[in-house]
Amino acid sequence: MGSYLIYGAFTGALLSSILYYISAGKAKDYVKTARLFFHLSAVLTISSAAFLLYLIITHQFQYTYVWNYSSRDLPWNLLIATFYAGQEGSFHLWALLMSLLGVFLLPYLAHRDAEKNPGNTENQRYEPLVMGTFTLLLAFLLFILIVKSPYLFVWQSFPNDVQIGFVPQDGRGLNPLLQNFWMTIHPPVLFTGFTSLSIPFCFAIAALIKNRYDKWMKLALPWTLFGGMVLGLGIMLGGYWAYGVLGWGGYWAWDPVENSSFVPWLLIIAAIHTMTAEEKISKFKKTSLILCVLAYGMVLYSTFLTRSGVLGDASVHSFVDPGQEVYLFLIVFLSLFAGGGLALVAFRWKSLRVEKSEGQVKLLSRESALFIGAITICAAALVIAVGTSWPIFSKGTVEPDFYNRMNLPLAILIAAINGISILLKWKHSEEKEFFKSLHLPLGFTAAVTIALVITGVRDPLIALLAAAAFFAFFVNAEIAYTIIRRNRTKAGAYIAHAGLMLLFLGIIGSSRYSVEENVSLPIDEPKKVLGDYVLTYKGASAIPGDAEKYHFNVVVQKDDRTFLLQPVMYYSEYSEGIMKNPDIANLVTKDLYLSPMALEEAGQISPNDIHSIKKGEETEINGMKVKFVDFDRSKFNRDEMQQGKMNVIGAELEVTYDGKTEKLIAEQEISQNEMLPIPVKLKGNDKYTFYLSKINVESEPSVDIAVIDDAKHNEASAPETLILTASIKPFINLVWGGTLVMVLGFYFALLTRYRRIKSETKKYEQLNNFKNGNKYNGNGNSKIPNKPIKEEETV
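Residues numbered from 1 in each chain as written. Predicted model: local features only at pLDDT ≥ 70, side-chain atom pairs only at ≥ 80, totals over all residues. Heavy atoms only, no water.

S.K.: When you look at the overall build of the chain in this model, what are you seeing that I'm missing?
M.R.: Looking only at helices and strands, the chain features 21 helices and 19 strands. Looking at the chain as a whole, 50% of its 795 residues qualify as buried. Across the chain, the fraction of contacts at a sequence separation of at least 24, relative to all contacts at a separation of at least 6, is 68%. Here the chain displays about 38500 Å² of accessible surface, and carbon together with sulfur accounts for 57% of that area. (Helix = DSSP H or I, 4+ residues; strand = E, 2+ residues; numbered from the N terminus. Buried < 20%, exposed > 50% of the residue type's maximum accessible area, 1.4 Å probe, protein only. Contact = heavy atoms within 4.5 Å. Areas by Shrake-Rupley, 256 points an atom, 1.4 Å probe, with all protein chains shown as cover.)

S.K.: Would you explain the pairing of strand β13 (residues 647-657) in this entry?
M.R.: Note on strand geometry: in a regular strand, side chains alternate between the two faces of the sheet. Among the 11 residues in β13, 8 count as buried, and that is most of the element. Bridge count between strand β12 (residues 624-632) and β13: 7 bridges; the pairing is antiparallel. Across the sheet, residue F631 finds its bridge partner in β13, namely A651. Here β13 pairs with strand β14 (residues 660-670) via 11 bridges, running antiparallel. Across the sheet, Y657 pairs through a bridge with K660, a residue of β14. As consecutive antiparallel partners, β13 and β14 are separated by 2 residues, and within that stretch D658 has a phi angle of approximately 50 degrees, a positive value. (Pairing = 2+ DSSP bridges.)

S.K.: What should I look at first to understand the nonpolar core in this one?
M.R.: Note that soluble globular proteins tend to have their nonpolar side chains buried in a common cluster. In this structure, W94, L105, L142, F203 and W216 are the most contacted members of the largest nonpolar core, which totals 164 residues. Looking at this core element by element, the count peaks at 16 residues for helix α10 (residues 216-245). Listed in part, the 21 residues of the second largest apolar core include V519, Y533, F552 and L722. (Core = buried A, V, L, I, M, F, W, Y, C linked by side-chain atoms within 4.5 Å.)

S.K.: Would you explain the pattern of salt bridges in this entry?
M.R.: Between side chains of opposite charge, a pair can form as their charged atoms come close. With the rule as written, the count across this model stands at 13 salt bridges. A salt bridge links D559 to K558; the nearest nitrogen and oxygen atoms lie 3.4 Å apart. (Salt bridge = Lys/Arg side-chain N within 4 Å of Asp/Glu carboxyl O.)

S.K.: Help me understand the packing of aromatic side chains in this model?
M.R.: Describing an aromatic ring pair means giving the distance of the ring centres and the angle of the ring planes. A complete count under the given rule lists 38 aromatic pairs for this structure. Measuring from ring centre to ring centre gives 5.3 Å for F140 and F333, while their planes differ by 20 degrees; the resulting arrangement is stacked. Placement of F140 in helix α6 (residues 127-147) and of F333 in helix α13 (residues 324-347) is noted, with a sequence separation of 193 residues between them. Each member of the pair, F140 together with F333, is buried. Summarising the aromatic geometry, the rings of Y243 and W736 are spaced 5.7 Å apart at their centres and angled 50 degrees between planes, so their arrangement reads as tilted. Of this pair, Y243 sits in helix α10 while W736 sits in helix α21 (residues 733-771), placing them 493 residues apart in sequence. Here the two residues Y243 and W736 agree in accessibility, since each one is buried. An aromatic cluster is built from F181, W182, Y240, Y243, Y251, Y593 and W736, whose rings are joined through pairwise contacts. (Phe/Tyr/Trp six-rings, centres within 6.5 Å; stacked < 30°, edge-to-face > 60°.)

S.K.: What should I look at first to understand a nonpolar patch on the surface in this one?
M.R.: A grouping of L14, L15, I18 and I22 is seen on the molecular surface, where their side chains present a nonpolar patch of about 270 Å² in accessible area. Looking at the secondary structure, you find I18 in helix α1 (residues 2-24). (Patch = residues over 30% accessible without salt bridge, like charges linked within 9 Å, V, L, I, M, F, W, Y side chains within 5 Å.)

S.K.: Explain the side chain of N407 to me, please; I cannot follow it from the model alone.
M.R.: Take N407: it is sitting in helix α15 (residues 400-423). Excluding residues that lie within four positions of it along the chain, N407 makes contacts with W254, A380, V383 and I384.

S.K.: Looking at this model, I keep getting lost on unusual backbone geometry. Mind explaining?
M.R.: If a residue is not glycine, its phi is most likely negative; likewise, a peptide bond is most likely trans. Although it is not a glycine, N211 adopts a positive phi angle of roughly 60 degrees. Turning to its location among the elements, N211 is positioned in the loop between α9 (198-210) and α10. With a relative accessible area of 30%, N211 lands in the partly exposed category. Despite not being glycine, V588 shows a phi value in the positive range, around 70 degrees. In this fold, V588 is placed in the loop between β8 (583-586) and β9 (590-600).

S.K.: Would you explain the sheet that holds strand β1 (residues 515-522) in this entry?
M.R.: Note on sheets: strands pair through backbone hydrogen bonds, and any given pair is parallel or antiparallel. Overall, antiparallel pairing links the 4 strands, which are arranged β1-β19-β9-β8 in an open sheet. Strands at the two margins of the open sheet, each flanked by one partner only, are β1 and β8. The sheet shows a mean angle of 20 degrees between the axes of neighbouring strands, direction not considered. Of the pairings in the sheet, the one linking β9 to strand β19 (residues 721-730) comprises 10 bridges and is antiparallel in character. The residue of β19 that forms the bridge with D591 is K729. (Axes fitted to C-alpha atoms, helices over the stretch in contact; angles between N-to-C directions.)

S.K.: Explain helix α11 (residues 256-281) to me, please; I cannot follow it from the model alone.
M.R.: For an α-helix, 3.6 residues make a turn, and residues three or four places apart therefore share a direction. With 26 residues, α11 should cover 38 Å at 1.5 Å per step; its first-to-last C-alpha distance of 38 Å lies within 8% of that length. Buried residues dominate α11, accounting for 22 of its 26 residues. At the N-terminal end of α11, a side-chain oxygen is found 2.9 Å from the backbone nitrogen of V257, two or three residues along, and the residue is D255. S282 sits one or two residues past α11 and shows a positive phi near 60 degrees. (Expected span 1.5 Å × (residues − 1). Polar contact = N/O pair within 3.5 Å; in protein donor to acceptor, adjacent residues only side chain to side chain.)

S.K.: Is there a simple way to think about the packing of α10 against α11 in this case?
M.R.: Geometrically, a packed helix pair is captured by the angle between its two axes and the distance between the axes. Two numbers describe how α10 lies on α11: the axes approach to 9 Å, and their chain directions differ by 150 degrees. Here α10 and α11 pass one another in a crossing that is left-handed. When α10 is examined against α11, the residues W216, M217, K218, A220, L221, T224, L225, G228, L231, G232 and I235 are found in contact with a partner set consisting of S261, F262, P264, W265, I268, I272, M275, E278 and E279. Class assignment of the residues belonging to the contact of α10 with α11 gives a composition of 13 nonpolar, 4 polar and 3 charged. (Left-handed = near helix turned anticlockwise from the far one by under 90°. Nonpolar A, V, L, I, M, F, W, Y, C, P; charged D, E, K, R; others polar.)

S.K.: Help me out: how do you make sense of a negative patch on the surface in this one?
M.R.: Judged by side-chain charge, D73, D170, E548 and E573 come together as a negatively charged surface patch. Locating E548 in the fold gives a position in strand β4 (residues 546-558). Residue E548 is classed as exposed on the basis of its relative accessible area, which comes to 58%. (Lys, Arg positive; Asp, Glu negative; His and termini not counted. Charge placed at Lys NZ, Arg CZ, Asp CG, Glu CD.)

S.K.: Whenever I open this one, the environment of L334 confuses me. Can you help?
M.R.: Within the fold, L334 resides in helix α13. Judged by its relative accessible area of 19%, L334 is buried. Measuring from C-alpha to C-alpha, the distance between L334 and S302 comes to 9.7 Å, with 32 residues separating the pair along the chain. Each residue touching L334, except ones within four places of it in the same chain, is listed here: G297, L300, Y301 and G339.

S.K.: Looking at this structure, I do not really get the sheet that holds strand β10 (residues 610-614). What am I missing?
M.R.: Pairing in this open sheet of 4 strands is antiparallel, and the strands run β10-β18-β17-β16 from one edge to the other. Both outer strands of the open sheet, β10 and β16 (680-681), are each paired with one neighbouring strand and no more. Taken together, the 2 bridges between β16 and strand β17 (residues 688-696) define a ladder with antiparallel strand orientation. Residue V680 lies in a different strand from β17, and its bridge partner there is F690.

S.K.: Help me out: how do you make sense of the packing of α9 against α10 in this one?
M.R.: Interaxial distance between α9 and α10 falls to 8 Å at its minimum, and their mutual angle equals 170 degrees. If you check the angle between α9 and α10, you find them roughly antiparallel. For the pair α9 and α10, contact is made by I199, P200, F203, A204 and A207 and by W216, L219, A220, W223 and T224, respectively. Across the contact of α9 with α10, the residue classes break down as 9 nonpolar, 1 polar and no charged. (Parallel < 35°, antiparallel > 145°, perpendicular 65-115°, else oblique.)

S.K.: Sorry, what's going on with the environment of K283 here?
M.R.: Note that K283 resides in the loop between α11 and α12 (285-307). For the pair K283 and E367, spaced 84 residues apart in the sequence, the C-alpha separation amounts to 8.6 Å.

Given below as structure tokens:
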């Protein structure tokens, strides 16, 4: 059933796209039929998503995708999140969001076309070309779901291993790193951002095909703002998730896949600024078009990087190799839309020349500053894109320091230009008036910067970034306050800028001036760390409802305040390793961050005592030469082990000490579920005890041998000890608070634009009624007498 829904949705999207393009070509008008096919495709895509979700919730493990990513023990929110945990599901989420956004985009276009073009002139309509491109993008996504279907049965995926009709009792489950509350929010928000960037792309393509550039930007700008807001929020949600779960103490690692979502956001932010300038003074048409095409092109490029497998060794986020068919199709997808869009810009280059009557851009003007700012943002995007793409052309990855060094000067320029641009006027500013407006914000900035230098900021570039961020914050905050007193929603741009500057300041404090210390905490023994904090490990306790996971309870004391932090460690069968989650105390101006590293139990063998030796090799341990000769299977019986009975396997060692060589058999008791090393000593030297801790009988046989100095080990029969990293993150709250303020600014800007569109719609309806001889009261009722507006008063 699911496959047929995908086939139907793909067919509907493809037919809709074809009919829309035919209608745009003026041959015949099939717009109504194209709309019908789009709605059919959207309904079938939504139905397919609902069906896949039903399969997941009802544990239909005969489907490979359901078996691969879900299990019976997952809570309902994570069970739903497994919908997009794998390649197939994430493509389905993308197609679903395309369908849902298209449901809103279609009436928006139809209404705008009717409003702006009552005569229905073909060259004025945007719906056919915008929706034609949009439905073609949807068709491509749905075709990927045909090639890489989430509806394969396990016997289709593993024909040599699984019989037809076999239903597994349980699934493999979700990766432990993804078993977090933010898994239910971050991916959908991020994909909504990716999807929304397709809309300004479609408007840009429509404008280029029509060779008309007077309307597209005004129609596309609300969607561009929406895309910038949602994608930015999605990126920072990912950072918050990493900070609170992964335990490495940061929120941004310059991972290639993190970068590949950041680059489209930078480009769409640059596009918003050039489009704003174009709206005000009718300039920067080429720049706005190129940026809208590039922004979505980079979304497709990031899709290729993430899902083609090329970053398999370079990024923790990347998916496994999807197979040659999907790999080639992703290249076609990227080439057709990103390459085709840029080719279309090149084809129309002459038509995009600015008319001489429009005049030259004055240097001391807001549009000039906006353009320089946009170019600077694009330079940052280029640096990050080059570094991200490096693994494709060379082995290894670019170090994070490269991004930090290259982007720090650009960040200073972005902050400074932002503050300056706000003080400039459109078209031209008087020098005296402009320099006078700098006095107050520069005075505040100088005072704060001097205070920062006195308190410890010694790096000149960091001091400059802080100064530029404070300058831009003061300028934007002052204007935002003035506007908010009259109409808060019209302050959206200034609020967003102020939020970004708070984010910059938070990044400076939390990353540049973070301090950390590794500490061993024996149970019930207080230790002083990071100056004034006293940590006391109080032992481990099982997490209620999940006996396999443990809280490691650490009491923190500072001055008269005491609180409990509970970092988590547990063994994961899924990843066959120890999972570690930090715990964080938010102290308003800073965070205390405890990241667990290891637990040394009383009498436990230390990792430093374990040595891996390949068959036939010799290594030196504590002054002795130890050679692994071969496995000793004299006491091993495979049949008994499969029945659950205990067996013994050994490793034959040759140990040379004091000029003598002695044969030693180190043994291990094994069953299906347990491995227990058996201690053994040398006959001529009882100082050391040997343990066979691990065996590997694959292509390169090897053993792990633990050699314990008994005297030192008994001496150190230390109590249970928790090893962790404690760190202070100054002003980390500015990162999260700045993000929220920035998103709020985007929201207000969107709300202002929505009200403007609504106002223009009402004026259009009034004018239409006036032309038809009806009086109109503004409430949709033309029968109530009211004075109509004059035609020349309308915009």
